[in-house]
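Inside the fold
Take a look at the letters that make up each chain.
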Amino acid sequence: MAVKIEQVIGLNVPESFFGVIVNAVAKAGGSVGCAKALTINFRDKDYSAKTGGFHPVEVRLEKRGIGWELIYVTDFAYQGRLDSELVKEIDVCFVIKRVYHMLVGWLSEREGKELLTLFVTNFVEYYNTGCYQVTITTE
C-alpha cells in the first residue's frame, strides 16, 4: 500500500520521519488494506520504569482524499516512584498545531517547533537502531 503523508503547515516534520512511517506501513503489508485510520505504535520491549530504555511512541494517521494526514504523535514515559505508570510526556497535536510537554503544558509556537524538531530527529535515529517493535491498528 502506497502511503502519501501530507505535511502540516506550521508544524513541519523532516522527511526522514515520513520515511519511518512509510517503512512501518510497508512492513505491515496488506493488513492496512482499505483503512481509514492507522495508529502506529513503536515499543522498546525492554523499556521499563526501573531500567529505562526507549520511550514508546504512538502516531495517528487518518485518510484524507488520496493522502494521509498526521493527527498526533505522542511520546510516553514512566512517571512516579513507587507505582510508576506510562503517561504522555510529549504530545504533538497536528490538528490544532500545538505541542504539549508534561512539565510545562502547551508550549509557545517557537518552543513547540523546536521541541518537535528535536523529538522527531531523535525518534528517527532511535528507530534506525532497530530498538522498536512496531504494531499497527487499523480502523
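All of the points below concern the structure found in this document. (Residues numbered from 1 in each chain as written. Predicted model: local features only at pLDDT ≥ 70, side-chain atom pairs only at ≥ 80, totals over all residues. Heavy atoms only, no water.)

Re helix α2 (residues 109-128)
The end-to-end C-alpha separation of α2 is 28 Å, in line with the 28 Å expected for 20 residues at 1.5 Å each. Those residues of α2 lying buried are G112, L115, L116, F119, V120, F123, V124 and Y127. An end-on view of α2 places all buried positions within 160 degrees of arc, on one side of the element. Away from its buried face by more than 90 degrees, α2 exposes R110 and N128. One or two positions beyond α2, positive phi appears at G130, with a value near 85 degrees. (Helix = DSSP H or I, 4+ residues; strand = E, 2+ residues; numbered from the N terminus. Expected span 1.5 Å × (residues − 1). Buried < 20%, exposed > 50% of the residue type's maximum accessible area, 1.4 Å probe, protein only. Arc of directions from axis to C-beta.)

Looking at helix α1 (residues 15-28)
Here α1 spans 20 Å end to end across 14 residues, near enough to the 20 Å set by a 1.5 Å rise per residue. Taken residue by residue, α1 has F17, F18, V20, I21, A24 and V25 as its buried positions. Down the axis, α1 shows its buried residues gathered within 155 degrees of arc, on one side only. The exposed residues of α1 that point more than 90 degrees off its buried face are E15, A26 and K27. Where α1 is buried, its residues meet β1 (5-6), β2 (37-43), β3 (57-64), β4 (67-79), α2 and β8 (133-138). In the segment just after α1, G29 is the residue with positive phi, at about 65 degrees. (Contact = heavy atoms within 4.5 Å.)

As for a nonpolar patch on the surface
Nonpolar side chains collect at one region of the surface, where V95, I96 and W106 lie side by side and expose about 300 Å² of accessible area between them. Looking at the secondary structure, you find I96 in the loop between β5 (85-93) and β6 (98-101). Residue class for I96 comes out partly exposed when judged on its relative accessible area of 47%. (Patch = residues over 30% accessible without salt bridge, like charges linked within 9 Å, V, L, I, M, F, W, Y side chains within 5 Å. Areas by Shrake-Rupley, 256 points an atom, 1.4 Å probe, with all protein chains shown as cover. Salt bridge = Lys/Arg side-chain N within 4 Å of Asp/Glu carboxyl O.)

What to know about the pairing of β4
Two elements, β1 and β4, share two bridges in a ladder whose sense is parallel. In the strand pairing of β4, E6 is matched with E69. Here β3 runs beside β4; their pairing, made up of eight bridges, is antiparallel. The residue bridging K63 from the neighbouring strand is W68, located in β4. Remark: two residues form the turn of the hairpin made by β3 and β4, two consecutive strands paired antiparallel; G65 in that turn has positive phi of roughly 65 degrees. Strand direction decides the pairing type here: β4 and β5, joined by eight bridges, are antiparallel. By the bridge assignment, A77 is partnered in β5 with V87. Linkage of β4 to β5, two consecutive antiparallel strands, is achieved through a turn of five residues, within which G80 is found at a positive phi near 105 degrees. (Pairing = 2+ DSSP bridges.)

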